[in-house]
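If you want the building blocks of each chain, they are given just below.
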Amino acid sequence: SWPPLSASQQREMDGAIVMLQEALDQGHIDAARMVGGIYYWGQGVAIDYVRAMAAYKVSAEGGDAVCQWMVGSMYYDGEGADVDYAQALPWIEKAAAQDHLNAVGQLGVMYYQGEGVTPSWRRAREYFERGIEL
C-alpha cells in the first residue's frame, strides 16, 4: 500500500475515487480497472480485495486482459473470494488468449500441478514455451 497521505492529498484521492466509482457505475472499463487497482494495492484506501474483485470484473467482462488476469489470479490465490481454481481457469484462459504473459505462465503452472485441470506436463510445457516466445 501507499505511504500515508497528507490531509489535502487524502481529500484529493477521496474525490478522485468518487469520480472513478461514478464512471465505473456507468460501465467505463478504464475506470473499473483503476478502481480495482486502488483497492487491490491500497492506494489511498485500505486494501479491500472484495471491492477490487468487483471492479476488476467489470473491466474483465469488457475484455480487458489485465483485469481478466487479475480476476483469475484473485480466485487462484483466494483474494476477495475463496480459492477456486474452477473460477480462476476461464479468466486466466481469456487473458492468455490475448497473450497476457502472466496468464500464459499461470496456465503452465496449473497444468503442471493439476490445479483446476487434469495434470498434463505436455500442456504445461506448451504454455511455458509460449510464454518464452512472448
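Residues numbered from 1 in each chain as written. Predicted model: local features only at pLDDT ≥ 70, side-chain atom pairs only at ≥ 80, totals over all residues. Heavy atoms only, no water.

(A) Representation of the overall build of the protein chain within the structure. Across its full length, the protein chain carries seven helices and zero strands. Counting from the amino terminus, helix and strand elements in the protein chain follow one another as α-α-α-α-α-α-α. In terms of principal-axis extent, the alpha carbons of the protein chain reach across some 55 × 25 × 25 Å. Taking all 134 residues of the protein chain together, 40% fall into the buried category. For the protein chain, the share of sequence-separated contacts (at least 6 apart) that also reach a separation of at least 24 residues comes to 42%. Surface accessibility of the protein chain: about 7,500 Å² in total, with carbon and sulfur atoms responsible for 53%. The centroid of the 9 positive side-chain charges in the protein chain is displaced by 5 Å from the centroid of its 18 negative side-chain charges. (Helix = DSSP H or I, 4+ residues; strand = E, 2+ residues; numbered from the N terminus. Buried < 20%, exposed > 50% of the residue type's maximum accessible area, 1.4 Å probe, protein only. Contact = heavy atoms within 4.5 Å. Areas by Shrake-Rupley, 256 points an atom, 1.4 Å probe, with all protein chains shown as cover. Lys, Arg positive; Asp, Glu negative; His and termini not counted. Charge placed at Lys NZ, Arg CZ, Asp CG, Glu CD.)

(B) Seen up close, the pattern of salt bridges. Per the stated rule, a full pass over the model turns up five salt bridges. One salt bridge in this structure joins Asp64 and Arg33, with 3.3 Å as the shortest N-O distance. Of this pair, Asp64 sits in the loop between α3 (49–61) and α4 (65–77) while Arg33 sits in helix α2 (residues 29–41); the two residues are 31 residues apart in sequence, bridging distant segments of the chain. Among the salt bridges present, the one from Arg130 reaches Asp99, with a minimum N-O distance of 2.8 Å. You can see Arg130 sitting in helix α7 (residues 121–133) and its partner Asp99 sitting in the loop between α5 (85–97) and α6 (101–113), a full 31 residues away along the chain. With a relative accessible area of 44%, Asp99 lands in the partly exposed category. Several salt bridges share partner residues, and in doing so they unite Arg122, Arg123 and Glu126 into one network. (Salt bridge = Lys/Arg side-chain N within 4 Å of Asp/Glu carboxyl O.)

(C) The side chain of Ser59, seen in detail. Here Ser59 lies in helix α3. By relative accessible area, which is 0% here, Ser59 ends up buried. Every residue in contact with Ser59, bar those within four places of it in the chain, is listed here: Ile29, Ala32, Arg33, Asp64 and Cys67.

(D) Local environment of α4. Helix length check: α4 (13 residues) gives 18 Å between terminal C-alpha atoms against 18 Å at 1.5 Å per residue, within 8%. When we look at burial in α4, the residues that qualify are Ala65, Cys67, Gln68, Trp69, Met70, Val71, Gly72, Ser73, Met74, Tyr75 and Tyr76. Those residues of α4 hidden inside the fold are in contact with α2, α3, α5 and α6. One side-chain oxygen at the N-terminal end of α4 lies 3.0 Å from the backbone nitrogen of Val66; it belongs to Asp64. At the exit of α4 stands Gly78, carrying a positive phi of roughly 75 degrees. (Expected span 1.5 Å × (residues − 1). Polar contact = N/O pair within 3.5 Å; in protein donor to acceptor, adjacent residues only side chain to side chain.)

(E) How the structure looks around the side chain of Ser120. Its location among the elements puts Ser120 in the loop between α6 and α7. Under the relative-accessibility criterion, Ser120 is labelled buried at 17%. In contact with Ser120, other than residues within four places in its own chain, are Tyr111 and Tyr112.

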